[in-house]
Each structure stands twice: as structure tokens, then as C-alpha cells.
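Examination of the molecular architecture
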Amino acid sequence: QVQLVESGGGLVQAGGSLRLSCAASGFILSINIMGWYRQAPGKGREWVAQITPAGDTAYADSVKGRFTISRDNTKNTLYLQMSSLKPEDTAVYYCHLYLGNYWGQGTQVTVSS
């Protein structure tokens, strides 16, 4: 029943911006703790950002000031707005539902130098 589908990944130049989307179904996104993670080849999955039902947000130091996590309750969709992108941001980005530990399929983000 629970499903998370990421989209919006692609190739972008360093310094550019990209917005990732996570379309959720089978649960109400706005009353759950949601997050974004990323994984580069040969590396472990890294926590990127989190949003709580109260709307509180938190970010990894590596993306703080550059990325913004948000949601559209009407669309039941989670977003990650990424700006000032760096080659080090290159990874597969995953949407995460804390309750039940659900993951999306991931979307590839590649930042060229």
C-alpha cells in the first residue's frame, strides 16, 4: 500500500539548481517524519534532510544553507530543492518514510564540474 516514487533527477552543472519530488501514496505524508538520503557509488547511504509533522526541518552539515526540504500537503508530495550544487552532491537520492522504514526507488543526480 505504501509507495514512494522519486523524480526530478538529472545532469546539472556545478552551481546550478535542481528540485527533486517524492510522490507518496498509501499514507498521509504530512503527519509522518519524512527524509531525504543519498548514496554515491562505493559509499554508504547518507542522511541529507528531515521534516517532522510540526514542520520542523533539519539538514546534514554538508548541505545546510544549500538544500531545502518541504512538502505539498494537497499533493501528498515531498520535495528537496537543491541549489549551489557541487560535484560532491552527485549520488542517487532516496525519499524515506520513518514509520515502517520505507524507501523509494531513488533518482540519479549528477553534478558536472
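Preceding block: the structure.
Analysis parameters
- Residues numbered from 1 in each chain as written.
- Predicted model: local features only at pLDDT ≥ 70, side-chain atom pairs only at ≥ 80, totals over all residues.
- Heavy atoms only, no water.
- Helix = DSSP H or I, 4+ residues; strand = E, 2+ residues; numbered from the N terminus.
- Buried < 20%, exposed > 50% of the residue type's maximum accessible area, 1.4 Å probe, protein only.
- Disulfide = S-S within 2.5 Å.
- Pairing = 2+ DSSP bridges.
- Axes fitted to C-alpha atoms, helices over the stretch in contact; angles between N-to-C directions.

Thoughts on unusual backbone geometry
- One non-glycine residue with positive phi stands out, namely N76, at about 55°.
- Looking at where N76 falls in the secondary structure, it is placed in the loop between β7 (67-72) and β8 (77-82).
- The phi torsion at S84 lies on the positive side, around 50°, for a residue other than glycine.
- If you trace the backbone, S84 turns up in the loop between β8 and β9 (91-97).
- Looking at S84, the relative accessible area reads 41%, which means it is partly exposed.

Remarks on the state of the cysteines
- Inspection of every chain in the model, using the stated rule, returns one disulfide.
- Paired through a disulfide, C22 and C95 show a sulfur-sulfur distance of 2.1 Å. With the S-S dihedral at roughly -80°, the linkage between C22 and C95 falls on the left-handed side. Of this pair, C22 sits in strand β3 (residues 18-25) while C95 sits in strand β9, and the two are 73 residues apart along the sequence.
- Classification of C22 as buried rests on a relative accessible area of 0%.
- With a relative accessible area of 0%, C95 lands in the buried category.

Re the sheet that holds strand β1 (residues 3-7)
- On the basis of which strands lie adjacent, the open sheet formed by four strands has the order β1-β3-β8-β7 and antiparallel pairing. For this open sheet the edge positions go to β1 and β7, each flanked by a neighbour on one side alone. Taken pair by pair, the neighbouring strands of this sheet meet at an average axis angle of 20°, ignoring direction.
- For β3 and β8, the ladder comprises six bridges, and the chain directions are antiparallel. By the bridge assignment, S21 is partnered in β8 with Y79.

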